[in-house]
Amino acid sequence: MKKYMLYSIASVLLLTLITAGSTFAFLSTSAQTSNNSIFSNTATLNVIYNPGETINESLSVSSSKEDGYNTTVKIKLAPNSAKAKTDLYIHINDITENIAISGFIWEVYGYRNGKQVIYTKGDFSGYNNTTNNKVSIVKDYLLSEDETSFTVYFWIDGSKTDNDVVGGTFNGYIGAISQEF
């Protein structure tokens, strides 16, 4: 009987040590902490963004986008970055009231590896430089390590306007918001 009790106690202690040891081993390989930070082996989001020029123009009436103003922004993921999508927008610093109309057009052409991958178009009707100054131009675009060039055209369409647009000015830039998905 004493032998049976001794073996039982030894078995329980051994089982307890094995459980405690394997739990510690699992937890120590799952997360490492340093300065109250947790590090893991996941990729980080690293986006390379080359902004175009700030748009600061006095615009005149034209018949096509080629006669207006344009700027190009370039964006891609760095090698080994986490997957991400991006939104591009026009941030309006200043726009005169006479061109915050449907005749003031923006068009976006996106190219990756020489192929057109996106086209969007809109206008500035209802926008201003205070309460409604962010114009969404590209939504949820999937980024890759191959650079995408977005050329954004700004022009006042003469077939949609009259002389009220003369002297209109615009100041703004193309911005991007990227997020991991």
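Refer to the preceding data block for the structure.
Every residue gets a number counted from 1 within its own chain, in the order that chain's sequence is written. Whole-chain, interface and lining totals are the exception, using all residues; otherwise, since this is a predicted model, local features are given only for residues with pLDDT of at least 70 and side-chain atom pairs are given and counted only at 80 or more. Derived side-chain values reflect all non-hydrogen atoms in the structure, with water molecules and hydrogen atoms excluded from consideration.

**What to know about the pairing of strand E6 (residues 69-77)**
Stage number 1. When a residue's accessible area, from a 1.4 Å probe over protein chains only, is under 20% of the maximum for its type it is buried; when over 50% it is exposed; and in between it is partly exposed. Note on conventions: DSSP H or I runs of at least 4 residues are helices, E runs of at least 2 residues are strands, and numbering of each starts at the N terminus. Burial along E6 is one-sided: Tyr 69, Thr 71, Val 73, Ile 75 and Leu 77 are buried, while Asn 70, Thr 72, Lys 74 and Lys 76, pointing the other way, are not.
Stage number 2. The pairing of strand E3 (residues 47-50) with E6 spans four bridges and is antiparallel. Following the sheet pairing, Asn 50 is matched in E6 by Lys 74.
Stage number 3. Following DSSP output, two strands are said to pair if at least two bridges run between them. The pairing of E6 with strand E11 (residues 148-157) spans seven bridges and is classified as antiparallel. Bridge pairing in E11 links Ile 75 to Thr 148.

**With respect to the pattern of salt bridges**
Stage number 1. Basic side-chain nitrogens of Lys or Arg form a salt bridge, by our definition, when they fall within 4 Å of a carboxyl oxygen of Asp or Glu. By the definition in use, this model includes three salt bridges.
Stage number 2. For Asp 140, the salt bridge is made with Lys 85, and the minimal N-O distance between the two is 3.7 Å. Of the two residues, Asp 140 sits in strand E10 (residues 134-142) while Lys 85 sits in strand E7 (residues 84-95), which places them 55 residues apart along the sequence.

**Concerning the nonpolar core**
Stage number 1. Remark: nonpolar core denotes a set of buried residues (Ala, Val, Leu, Ile, Met, Phe, Trp, Tyr, Cys) joined through side-chain atoms within 4.5 Å. Residues Ile 90, Phe 104, Phe 124, Ile 137, Phe 150, Phe 154 and Phe 170 are the most contacted members of the largest nonpolar core, which totals 30 residues.
Stage number 2. Among the secondary structure elements, those contributing two or more residues to this core are E6, E7, strand E8 (104-112), E10, E11 and strand E12 (169-180).
Stage number 3. Ranked by residue count, the leading element in this core is E7, at five residues.
Stage number 4. With sequence-adjacent residues up to four places away left out, Phe 154 is seen in contact with Ile 55, Gly 68, Tyr 69, Thr 71, Ile 90, Phe 104, Ile 105, Trp 106, Phe 124, Phe 170 and Ile 174. Contacts are assigned to residue pairs that have any heavy atoms within 4.5 Å of one another.

What is shown is where atoms sit, not what they do.
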